[in-house]
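Reading the structure
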Amino acid sequence: MAPPAMQFPLSSVVWARQKGYPPWPAVVTASPLTGHWVLGWARKRKYHCTFLAWNKEWSWVERENLKPFTSEVGEARKKKCLVKNSKIAQALVQAIQLGLNILKEPGKLIDYLVIKEEKVEDDLEEQFVERLLKEVLEDNTSMKGVAFSETTLEEMFVDSIIEETFSEALPKENLGDQKNEHGVVNV
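Treat the numbers as computed from the prediction; the structure is a model and nothing was measured.

Thresholds, definitions, all that
Residues numbered from 1 in each chain as written. Predicted model: local features only at pLDDT ≥ 70, side-chain atom pairs only at ≥ 80, totals over all residues. Heavy atoms only, no water. Helix = DSSP H or I, 4+ residues; strand = E, 2+ residues; numbered from the N terminus. Buried < 20%, exposed > 50% of the residue type's maximum accessible area, 1.4 Å probe, protein only. Contact = heavy atoms within 4.5 Å. Salt bridge = Lys/Arg side-chain N within 4 Å of Asp/Glu carboxyl O. Core = buried A, V, L, I, M, F, W, Y, C linked by side-chain atoms within 4.5 Å. Lys, Arg positive; Asp, Glu negative; His and termini not counted. Pairing = 2+ DSSP bridges.

To continue, consider the overall build of the protein. The secondary structure content of the protein amounts to five helices and six strands. Moving toward the C terminus, one meets the helices and strands of the protein in the order β-β-β-β-β-β-α-α-α-α-α. Taking all 187 residues of the protein together, 33% fall into the buried category. Looking at the protein alone, contacts between residues at least 24 apart form 52% of all its contacts between residues at least 6 apart.

And the structure:
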């Protein structure tokens with residue numbers, strides 16, 4: 001029988017693994033867009049993580065790519081990084097130190113992790129989010145007998161943002177027949 005899945009409560013300090021990067025200290029935080037800190041269930045569960053000492057960047061990280069951050073492992077990795085003289089090693093040492101500080105003083109999390117709300121320069125982003133939510137709600141009401149939980153709506157919302165991001169990154173000539181009825185590119 002498989003071991004029980006690890007749950008990470010809000011404000012947990014974790015090692016978050018992203019493709020192409022070493023495991024990095026992060027904090028499980030609420031999404032600035034939705035206020036949720038976890039999406040999905042079972043194997044598809046993702047946590048909203050804000051990376052420490054990395055411009056406060058955040059990402060939705062799958063549960064299997066998260067490990068608990070402990071002071072013992074943090075101190076050991078910090079010692080290994082002190083030997084290296086690269087910028088990424090220095091940033092990792094700073095992130096580990098922030099993680100250790102949060103473990104010592106969890107009540108001062110905000111002092112170590114300041115998430116500033118970014119002002120939307122124009123209304124495009126806000127209109128985009130409103131349009132996506134409206135489409136999801138319209139689809140939900142048109143499907144009689146099918147009930148969506150809040151988590152399912154949240155996943156659909158996040159997935160649509162990801163699809164929109166990829167569609168903007170693709171060259172325009174490749175988008176032709178790949179758009180669905182909502183104008184979103186199927187990736």
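At serine 11, a residue that is not glycine, the phi angle is positive and equals roughly 75°. Structurally, serine 11 is set in the segment before β1 (13–16). Since its relative accessible area comes to 37%, serine 11 is described here as partly exposed.

Further remarks concern the side chain of histidine 48. Take histidine 48: it is sitting in strand β4 (residues 46–51). The class for histidine 48 is buried, based on a relative accessible area of 1%. Setting aside its immediate chain neighbours within four residues, histidine 48 contacts Val27, Val28, Thr29, Ala30, Ser31, Pro32, His36, Trp37, Trp58, Ser59 and Trp60.

The next thing to look at is the pattern of salt bridges. This model, assessed by the stated rule, comprises one salt bridge. With a shortest N-O distance of 3.5 Å, lysine 108 and glutamate 105 are connected by a salt bridge. For lysine 108, a relative accessible area of 40% translates into the label partly exposed.

The next thing to look at is the nonpolar core. If you look at the biggest cluster of nonpolar residues, it comprises 29 residues, and the most contacted ones within it are Val14, Val27, Cys49, Leu52, Leu66 and Ile102. Residue assignment for this core shows that the elements contributing at least two residues are β1, β2 (24–28), β4, α2 (87–104) and α3 (109–112). For this core, the leading source of residues is α2, giving eight residues. Look past the residues within four positions of cysteine 49 in its chain and what remains in contact with it is Val14, Ala26, Val27, Val28, Thr29, Glu57, Trp58, Ser59, Val61 and Leu66.

Here the focus is the side chain of lysine 78. Within the secondary structure layout, lysine 78 lies in helix α1 (residues 71–83). Despite its burial, lysine 78 remains without a salt bridge, the nearest opposite charge being carried by glutamate 75 at 4.7 Å. Here lysine 78 is in contact with Val93, Ile96, Gln97 and Leu100, once residues within four sequence places are set aside.

The side chains of a regular strand alternate between the sheet's two faces. Counting buried positions over the six residues of β4 gives five, a clear majority of the element. Looking at chain direction, β2 and β4 are connected through three bridges and run antiparallel. Across the sheet, residue valine 27 finds its bridge partner in β4, namely threonine 50. Note that strand β3 (residues 38–39) and β4 share two bridges and pair antiparallel. Within β4, the residue paired with valine 38 across the bridge is tyrosine 47. In this sheet, strand β5 (residues 58–62) lies alongside β4 in antiparallel orientation, the contact comprising five bridges. Within the sheet, the bridge partner assigned to threonine 50 lies in β5 and is tryptophan 58. Two successive antiparallel strands, β4 and β5, enclose a turn made up of six residues, where alanine 53 displays a positive phi of approximately 55°.

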